[in-house]
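What follows is each chain in one-letter form.
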Amino acid sequence: MVFDRQRPAVIAICGLLAAVLAFPSVWSGSIEASGPLQDTSAVDISGKECAFWLDFNGDGEGDEPVDAHPDSFTLQETEVVGGCEFKVNTEAEATLVLVSELTGWTADVTITREPGMEKPFTLHPADNEIPDLQGGMTVEVTHAGSTPRSGKVRTLRDGYEHEVQVPLPFRLLEVTVVTPDGRRDRLEVSVQSASGAFLHAQQRVFASTVDADAGTKPIVELASGLMDQGYPQIADQVLALEEVGIVKRGSSAWMFAAIGLSIAIVATVLAGGAFAYLTRRVKSDAAGENLYDFTSR
């Protein structure tokens, strides 16, 4: 009888307990049903294919492939032609931004929206963006410009400076597709420019390294170090010591000769820089005196 009187309460409690136990699964089910937050800003660049060539005679035709390997170098102040083709898919409205460190670059960009509607653009440093991109499309970039001059200005004591020939890493082509909220994907081709003297000395150092033995290894290492410091002509002269037989005589005379030659050439470079600096200073002072005399009359 007591149980009969308490039956409704027991049933109610059991029902409440079942509901509480079922709540986590119901909550979990609602999360899974809704799925993750929809990423309407996703950007994807895929199917990237790029090729560039050096154009030695400026006729718009490639003469030698550009090697984008990190340990490779490209001749400075030389025309480059080529480009990239890739696919872009963006759920949200996005902007294509093209950047290059080629000198005087221009790029013809053709965007083909699926299923096949083409739209051409011409970009350059002052106008390098294409807005309002959305959906799936194929992008073709035809790019041209000139490789930048390599080098580095080295500061010496007493304010003297001179330029040394070290390779210059630069962006040949960088394409970024970015949405207003900052989601992006990027394509980049980077290379290094170098002077003709550096490329010539690099080839000689590489060939000498392959053929080096116990007697010639130190001089090759010296030449390589001089190249790293930006003195390819001096490195070339040091390697020439082997050709005149200084190394082959089996004495340490070649090392003293190499060091002496290096010091002499570097001293000549520095003296030339100092002379040029002093000449400019004297001319500047003279011009200032003439200006003073003229205005005082």
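Please refer to the structure higher up on the page.
Everything numeric in this text was worked out from a predicted model, so none of it was measured. (Residues numbered from 1 in each chain as written. Predicted model: local features only at pLDDT ≥ 70, side-chain atom pairs only at ≥ 80, totals over all residues. Heavy atoms only, no water.)

## Quick word on the overall build of the chain
Formally: The helix and strand labels rest on DSSP assignments: H or I over at least four residues marks a helix, E over at least two residues marks a strand, and numbering proceeds from the N terminus. By definition, residues are in contact when any of their heavy atoms lie within 4.5 Å. Each accessible area is a Shrake-Rupley estimate made with a 1.4 Å probe; only the visible protein chains count as cover when residues are assessed.
Across its full length, the chain carries five helices and eleven strands. Contacts in the chain between residues far apart in sequence, at least 24 positions, make up 67% of those at least 6 positions apart. Only carbon and sulfur atoms are counted for the fraction: they give 57% of the accessible area of the chain, which is about 18400 Å².

## Some thoughts on the packing of aromatic side chains
To be explicit about the condition: Aromatic pairs are defined between Phe, Tyr and Trp rings, using the six-membered ring for Trp, whenever the two ring centres lie within 6.5 Å; interplanar angles under 30 degrees are classed as stacked, those over 60 as edge-to-face, and all others as tilted. Each residue is placed in one exposure class: buried if its accessible area under a 1.4 Å probe, protein chains only, is under 20% of its type's maximum, exposed if it is over 50%, and partly exposed if it falls in between.
Using the criterion set out here, one finds one aromatic pair in the structure. Residues Phe73 and Phe198 carry aromatic rings whose centres are separated by 5.2 Å and whose planes lie at 70° to one another, so their mutual orientation is edge-to-face. With Phe73 in the loop between strand 2 (64-65) and strand 3 (74-75) and Phe198 in helix 2 (residues 196-211), the pair connects residues that are 125 residues apart, well separated along the chain. Taking the relative accessible area as the measure of exposure, Phe198 reaches 6% and is therefore buried.

## A word on helix 3 (residues 217-228)
Working note: α-helix, 3.6 residues per turn, so residues spaced by three or four point in the same direction. So the rule is basically this: Multiplying 1.5 Å by the residue count of a helix minus one yields the expected span of that helix. Comment: arc refers to directions from the helix axis out to C-beta atoms.
Between its first and last C-alpha atoms helix 3 spans 17 Å; for twelve residues at 1.5 Å apiece the expected length is 16 Å, and the two agree. Looking only at helix 3, the buried set comprises Ile219, Val220, Ala223, Leu226 and Met227. One side of helix 3 holds all its buried residues, which, seen down the axis, span an arc of 120°.

## A word on the environment of Asn57
Positionally, Asn57 belongs in the loop between strand 1 (43-55) and strand 2. Spatially, the C-alpha atoms of Asn57 and Thr78 are 9.1 Å apart, while their sequence positions differ by 21 residues.

## Examining the environment of His200
Residue placement: His200 occurs in helix 2. Through-space distance from the C-alpha of His200 to that of Asp236 is 8.2 Å; in sequence the pair is 36 residues apart.

## Considering the packing of helix 2 against helix 3
Rules: Under this scheme, a helix contributes an axis fitted over its contacting stretch, all axes are lines through C-alpha atoms, and angles between N-to-C directions fall in the 0 to 180 degree range. Orientation labels follow simple angle bins: below 35 degrees gives roughly parallel, above 145 gives roughly antiparallel, 65 to 115 gives roughly perpendicular, and whatever is left gives oblique. Crossing handedness is read from the near helix: turned anticlockwise from the far helix by less than a right angle, it gives a left-handed crossing, and turned clockwise, a right-handed one. Put simply, Ala, Val, Leu, Ile, Met, Phe, Trp, Tyr, Cys and Pro go in the nonpolar bin, Asp, Glu, Lys and Arg in the charged bin, and everything else, Gly too, in the polar bin.
Orientation of helix 2 relative to helix 3, taken along the N-to-C sense of each, is 155°, at an axis distance of 10 Å. On the basis of their axis angle, the class for helix 2 and helix 3 is roughly antiparallel. When the axes of helix 2 and helix 3 are compared, the crossing they make is left-handed. From helix 2, Phe198, Ala201, Gln202, Val205, Ser208 and Thr209 reach across to helix 3, where they touch Val220, Ala223, Ser224 and Met227. The class makeup of the residues in the contact of helix 2 with helix 3 is six nonpolar, four polar and no charged.

## Section: the side chain of Thr147
Rules: Counted as a polar contact is a pair of N or O atoms within 3.5 Å, where, for protein atoms, one must be capable of donating a hydrogen and the other of accepting one, and residues adjacent in sequence contribute only when both atoms are in side chains.
Mapping Thr147 onto the fold places it in the loop between strand 7 (129-146) and strand 8 (152-155). Residue classification places Thr147 among the buried positions, given a relative accessible area of 2%. In this structure the side chain of Thr147 is engaged in a polar contact, spanning 2.8 Å, whose partner is the backbone oxygen of Leu75. From its side chain, Thr147 meets the backbone nitrogen of Glu77 in a polar contact 2.9 Å long.

## Overview of the state of the cysteines
This is how the line gets drawn: The disulfide criterion used throughout: a pair of cysteine sulfur atoms within 2.5 Å.
Under the definition given, this model contains one disulfide. Disulfide pairing places Cys50 opposite Cys84 at an S-S distance of 2.0 Å. Disulfide Cys50 to Cys84: torsion about the S-S bond roughly 115°, handedness right-handed. Highlighted residues: Cys50 in strand 1 and Cys84 in strand 4 (residues 79-99), separated in sequence by 34 residues.

## With respect to the pattern of salt bridges
Charged atoms that come close allow side chains of opposite charge to pair. In plain terms, the rule: Salt bridge, as used here: a side-chain nitrogen of Lys or Arg that lies within 4 Å of a carboxyl oxygen of Asp or Glu.
Enumeration according to the criterion identifies seven salt bridges in this entry. A salt bridge links Glu77 to Arg149, with the nearest nitrogen and oxygen atoms 3.8 Å apart. Of this pair, Glu77 sits in the loop between strand 3 and strand 4 while Arg149 sits in the loop between strand 7 and strand 8, and the two are 72 residues apart along the sequence. In this structure Arg149 comes out as partly exposed when scored by relative accessible area, which is 47%. Of the charged contacts in the structure, one is a salt bridge between Arg171 and Glu174, with a shortest N-O distance of 3.5 Å. Each member of the salt-bridge network shares a partner with another, and the members are Glu101, Arg171, Glu174, Arg186 and Glu188.

## Comments concerning unusual backbone geometry
Positive phi, close to 50°, is recorded for Glu77, a residue that is not glycine. Positioned with a positive phi, Asp132 is a non-glycine residue whose angle comes to about 60°. Along the polypeptide, Asp132 turns up in strand 7.

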